[in-house]
Amino acid sequence: MTADFMADGTDIPAGWTPFDLDFGFARSFGQISFRETGDQRLELGFRCAERHLNPLGMCHGGAIAAFADYAALGAQYAVGLSRIVTPTVTLSVDFLQGILPGQWVAARVDIIRQTRKMCFTQMVARVGDEPVMSSRGIFKISSRAEHIAHPFYVRCAELWPSRVLIDAEDG
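To keep things clear, this report deals only with the structure shown in the data block. (Residues numbered from 1 in each chain as written. Predicted model: local features only at pLDDT ≥ 70, side-chain atom pairs only at ≥ 80, totals over all residues. Heavy atoms only, no water.)

1. Describing helix α3 (residues 71-79)
Burial of α3 is extensive: nine of the nine residues sit out of reach of the surface. Backbone geometry just after α3 places G80 at a positive phi near 90°. (Buried < 20%, exposed > 50% of the residue type's maximum accessible area, 1.4 Å probe, protein only. Helix = DSSP H or I, 4+ residues; strand = E, 2+ residues; numbered from the N terminus.)

Listed below in structure tokens is the structure:
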């Protein structure tokens, strides 16, 4: 384990903002952080903590796949909050290299294609400059009305007020 390893994984690098979701599976996974890029994309990150480890002491493949599924958050950011990106339709993950406890994992979410009802994403996660995972996901885009009061979308609106009024019908 690295010397700066914190068991809860809440230490984040400068320039990253915690995206605390204290409900459901998000509570089990632990803290995800984000930063907005200059080209209107979202990067996601997490610190590999004890909760993420497999019996060999490396990041569990299930934790990596769960992190890959957070590409929906990047898709939601790209679509804006006038429509909702959920659920995951399909997700593929390629495990490229092991992730050790204490390592910061950062991933850029790119939107490959967007239609009125689907968002296609690609994500590459890195530790430093080294790719450790890549994934492709398809997420359904639906009406916002049925989900407007959910804590997830309320939190998105607080963190990204500029994304709330985006007209997603342009896709």
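2. Topic: the packing of aromatic side chains
Under the counting rule described, the total for this entry stands at eight aromatic pairs. Both rings, one in W16 and one in W104, keep their centres 5.2 Å apart while their planes meet at 70°; by these two values the pair is edge-to-face. Pair noted here: W16 is in the segment before β1 (17-19) and W104 is in strand β5 (residues 104-114), with a separation of 88 residues, a long-range link. Ring centres of F19 and F34 lie 6.2 Å apart, and the angle between their planes is 75°; this geometry places the pair in the edge-to-face category. Residue F19 is located in strand β1, and its partner F34 is located in strand β2 (residues 32-36); the two are separated by 15 residues in the primary sequence. Accessibility expressed as a relative area gives 3% for F19, which makes it buried. (Phe/Tyr/Trp six-rings, centres within 6.5 Å; stacked < 30°, edge-to-face > 60°.)

3. What to know about unusual backbone geometry
With an omega of 0°, the peptide bond between T86 and P87 qualifies as cis. Tracing the sequence through the fold places P87 in strand β4 (residues 83-95). A positive phi angle, close to 65°, is found at Q40, a residue other than glycine. Along the polypeptide, Q40 turns up in the loop between β2 and β3 (42-47).

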